[in-house]
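Residue-level structural notes
Below are the chains, spelled out letter by letter.
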Amino acid sequence: MKRLSFAKDRTWLGLLAAIALVYHVYFIVKAWRQPVLLFGDAYYYDHSAHVLNALHLYAYWSWGPAAQVTPGYPLFLALVYRLSAVLTPSHETAMHLAQAVQHLLAVASSLLLYAIARFRLPRYASFLAALLWTVYPPVIYANDQLLTENLYIPFLLAFVWSFLVLVRDRTWQSFVVSGLLLAVTTLIRPSVAPLLAAPACLFLQRKTRLAWKATLRNYGLYIATFVIAMIPWWVRNLVAMHQWITTDLDAANPLLFGSDPTFYKDTNISNGLTYAQQKALAIHRIEEGFHTHPLAYLKWYTLDKLGWLFGTPWYNTVLPRNAGLLTRLTFAYAHLHLLWVIVGAIGLAVGFGMRYIRWLSWLTVFLIVVQLPFIPINRYAYPTMPFLFVGVGAVIYLVTARARMRKVSPRRATAP
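Residues numbered from 1 in each chain as written. Predicted model: local features only at pLDDT ≥ 70, side-chain atom pairs only at ≥ 80, totals over all residues. Heavy atoms only, no water.

Turning our attention to the overall build of the protein chain. Scanning the protein chain for helices and strands turns up 18 helices and zero strands. Whereas a compact globule of 416 residues would reach a radius of gyration of roughly 22 Å, the protein chain reaches 23 Å, a difference of no more than 12%. The buried share of the protein chain, reckoned over its 416 residues, is 47%. Sequence-distant contacts, at least 24 apart, represent 73% of the contacts inside the protein chain between residues at least 6 apart. As displayed, the protein chain offers around 20700 Å² of accessible surface, 68% of which is attributable to carbon and sulfur atoms. (Helix = DSSP H or I, 4+ residues; strand = E, 2+ residues; numbered from the N terminus. Rg over C-alpha atoms; globule rule 2.2 N^0.38 Å. Buried < 20%, exposed > 50% of the residue type's maximum accessible area, 1.4 Å probe, protein only. Contact = heavy atoms within 4.5 Å. Areas by Shrake-Rupley, 256 points an atom, 1.4 Å probe, with all protein chains shown as cover.)

Turning next to the UniProt feature "domain: Glycosyltransferase RgtA/B/C/D-like" (unreviewed entry) in the protein chain. Per the UniProt entry, the sites bearing "domain: Glycosyltransferase RgtA/B/C/D-like" (unreviewed entry) are residues 74–231 in this numbering. What you have in residues 74–231 is 77% helix and 0% strand, and the ends, taken at the C-alpha atoms, are 18 Å apart. (UniProt positions renumbered as here; feature names shortened; annotations may be inferred.)

Attention now goes to the packing of helix H12 (residues 275–292) against helix H13 (residues 294–310). The N-to-C vectors of H12 and H13 enclose an angle of 125°; their axes lie 5 Å apart at closest approach. As the angle between them shows, H12 and H13 are arranged oblique. Residue-level contacts link Arg285, Ile286, Gly289, Phe290, His291 and Thr292 of H12 to Pro294, Tyr297, Leu298 and Tyr301 of H13. Looking at the contact of H12 with H13 residue by residue, the class counts come to six nonpolar, three polar and one charged. (Axes fitted to C-alpha atoms, helices over the stretch in contact; angles between N-to-C directions. Parallel < 35°, antiparallel > 145°, perpendicular 65-115°, else oblique. Nonpolar A, V, L, I, M, F, W, Y, C, P; charged D, E, K, R; others polar.)

Between the first and last C-alpha of helix H7 (residues 149–169) there are 30 Å, a value that for 21 residues agrees with the 30 Å anticipated at 1.5 Å per step. In terms of residue burial, H7 counts as a mostly covered element, since 18 of its 21 residues are buried. Following H7 by one or two positions, Arg170 has its phi on the positive side, about 60°. (Expected span 1.5 Å × (residues − 1).)

With that out of the way, let us pick up the pattern of salt bridges. Across all of its chains, the model carries eight salt bridges by this definition. The salt bridge involving Arg379 is made with Asp41; its shortest N-O contact spans 3.0 Å. In this pair, Arg379 is assigned in helix H17 (residues 378–381) and Asp41 in helix H2 (residues 41–55), connecting sequence segments 338 residues apart. A network of salt bridges, in which partner residues are shared, links Asp41, Glu149, Arg189 and Arg379. (Salt bridge = Lys/Arg side-chain N within 4 Å of Asp/Glu carboxyl O.)

With respect to the helices and strands, Gln145 occurs in the loop between helix H6 (137–143) and H7. Gln145 sits 145 residues away from Phe290 along the chain, and the two C-alpha atoms are 37 Å apart. Residue contacts for Gln145: discarding those within four places in its chain leaves Phe39, Tyr73, Gln102, Asn150 and Trp314. At a separation of 3.2 Å, a polar atom in the side chain of Gln145 contacts the main-chain carbonyl oxygen of Tyr141. (Polar contact = N/O pair within 3.5 Å; in protein donor to acceptor, adjacent residues only side chain to side chain.)

Inspection of every chain in the model, using the stated rule, returns 32 aromatic pairs. Taken together, a centroid distance of 5.4 Å and an interplanar angle of 50° make the contact between Tyr60 and Trp61 tilted. Ring centres of Trp234 and Trp244 lie 5.2 Å apart, and the angle between their planes is 45°; on these two criteria the pair is classed as tilted. Of the two residues, Trp234 sits in helix H10 (residues 212–241) while Trp244 sits in the loop between H10 and helix H11 (252–258), which places them ten residues apart along the sequence. Taking the relative accessible area as the measure of exposure, Trp234 reaches 13% and is therefore buried. One aromatic cluster in this structure is built from Trp133, Tyr136, Tyr141, Trp314, Tyr315, Tyr333, Trp340, Tyr382 and Phe389. The ring of Tyr152 carries Arg189 above its face, with NZ or CZ at 5.0 Å from the centroid. (Phe/Tyr/Trp six-rings, centres within 6.5 Å; stacked < 30°, edge-to-face > 60°. Lys NZ or Arg CZ within 6 Å of the ring centre and 35° of its normal.)

This part is about a nonpolar patch on the surface. A contiguous nonpolar patch, built from Ile228, Ile231, Val235, Leu238, Val239 and Trp244 and spanning about 590 Å² of accessible area, is present on the exposed surface. Checked against the element boundaries, Leu238 lands in helix H10. (Patch = residues over 30% accessible without salt bridge, like charges linked within 9 Å, V, L, I, M, F, W, Y side chains within 5 Å.)

So, about empty space enclosed by the protein. Taken as a whole, this structure holds two cavities of 30 Å³ or more when the rule is applied. In this structure, the largest cavity spans a volume of roughly 70 Å³. At the level of elements, helix H4 (91–117), H6 and H7 are the ones that each hand at least two residues to the lining of the largest cavity. Considering each element in turn, the lining of the largest cavity owes the most residues, four residues, to H7. For the lining of the largest cavity, the residue count by class is six nonpolar, four polar and one charged. Considered as a void within the structure, the second largest cavity measures approximately 30 Å³ in volume. What lines the second largest cavity is Tyr136, Leu309, Thr312, Pro313, Trp314, His337, Asn378, Ala381, Tyr382 and Met385. (1 Å grid on protein atoms, 1.4 Å probe; cavity = no way out; pocket = protein on both sides within 12 Å on 5 of 7 lines; lining within 4 Å. Points joined across faces, edges and corners; volume = space filled by probe spheres on them.)

With that out of the way, let us pick up the layout of surface pockets. Of the pockets and cavities examined, the largest pocket occupies roughly 1200 Å³. Surrounding the largest pocket, 44 residues form its lining, Asp41, Arg189, Asp250, Pro254 and Tyr380 being those nearest its centre. Contributing elements (two or more residues each) for the lining of the largest pocket: H2, helix H3 (72–85), H11, helix H16 (357–371) and H17. Top element by residues in the lining of the largest pocket is H2. It accounts for four residues. Of the residues in the lining of the largest pocket, the class split is 28 nonpolar, eleven polar and five charged. As a volume, the second largest pocket reaches approximately 660 Å³. Lining of the second largest pocket is provided by 24 residues; of these, Gln34, Ile140, Tyr141, Asp144 and Asn316 occupy positions nearest its centre.

What follows deals with the side chain of Lys305. Note that Lys305 resides in helix H13. Despite being buried, Lys305 has no salt bridge partner; Asp304 is the closest side chain of opposite charge, sitting 9.8 Å away. Here the side chain of Lys305 touches Leu372 through a polar contact of 2.5 Å, landing on its backbone oxygen. If we skip the residues at most four places from it in the chain, Lys305 touches Gly258, Trp300, Leu372, Pro373, Phe374 and Pro376. (Lys, Arg positive; Asp, Glu negative; His and termini not counted.)

Written out as structure tokens, the structure reads:
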């Protein structure tokens, strides 16, 4: 793809936007009629947003300064709550407004996914990939909850789009925009921070090595933009926490539970331990496990965790007894999840040989690998699904292209 032509793509983009908007508005209205349930992480994000607005203090599960999580999502919630307070003091309304904004961001995510796929795939395949993601039921399930994924995914997709523009154009502006979007995405979920090294892969190309000075200068701008955007968070941590905190302090707990093959049974493993003690125990368990049972732990940190991450959709596990037809259809479609994972993985595997798609293939591998040391729950695999749907689009494109070639070949054979 040279450039996304809005003159040629606007029909596909307009159709996708209309479908996504109507689809999400339906669920916005439906969600507004039900109470917002806060549990687990959502409860603490809500608390953090309240403290930000009331005391101008960044906390998490206490009323004092904290850095358990990066500030992106709590800041987003605090902003939405403040806007809601202009109209009504109702906290329930504020949470519903947050849900609505998340659903609208999901519409933007669908359009971004189309734009990403269009770097290599034709319009129909890009449209189908984005449409399958749009109506994937876990998207609705996620956006009805006050959790980081709903802000992380649109910014992750925006970063990926900007990075593909960087690969295509190699201008200093594209490096700056990509570095800025990576920093914002890191402040929402820090697992993407190692992608700061991603542009270094360009030096594997002969074309880049011939123009190494310009690329090195642009790469410096990429890093500098990232650092400048991160400085306020680093300074805040030095002032409020009196220590250097690059991203957050919350990795120790999921690392500890990720070291336990029976994590779903042994839920008290972290009781009474500080973050430092949890991290030390996790490292000890990992070292001991690989020393005493190397094959079993290798299997746990690869095949077993992949099964836990991708084996089931992040969705309702049980169909309600009196569920209507639409609920039954969405439940059935959600549980086609494994089909999309397998077909998408095949598409991304083939995509290693396709221009631009190979970057998505490597990104998906990266997102999976960085998750393997931690607790393997299907919620953490959910952000990789947009790229697997691009893989599905790649398979659709390759199958239709093969079918067209077979259709044309006999005609050529009989030609005089």
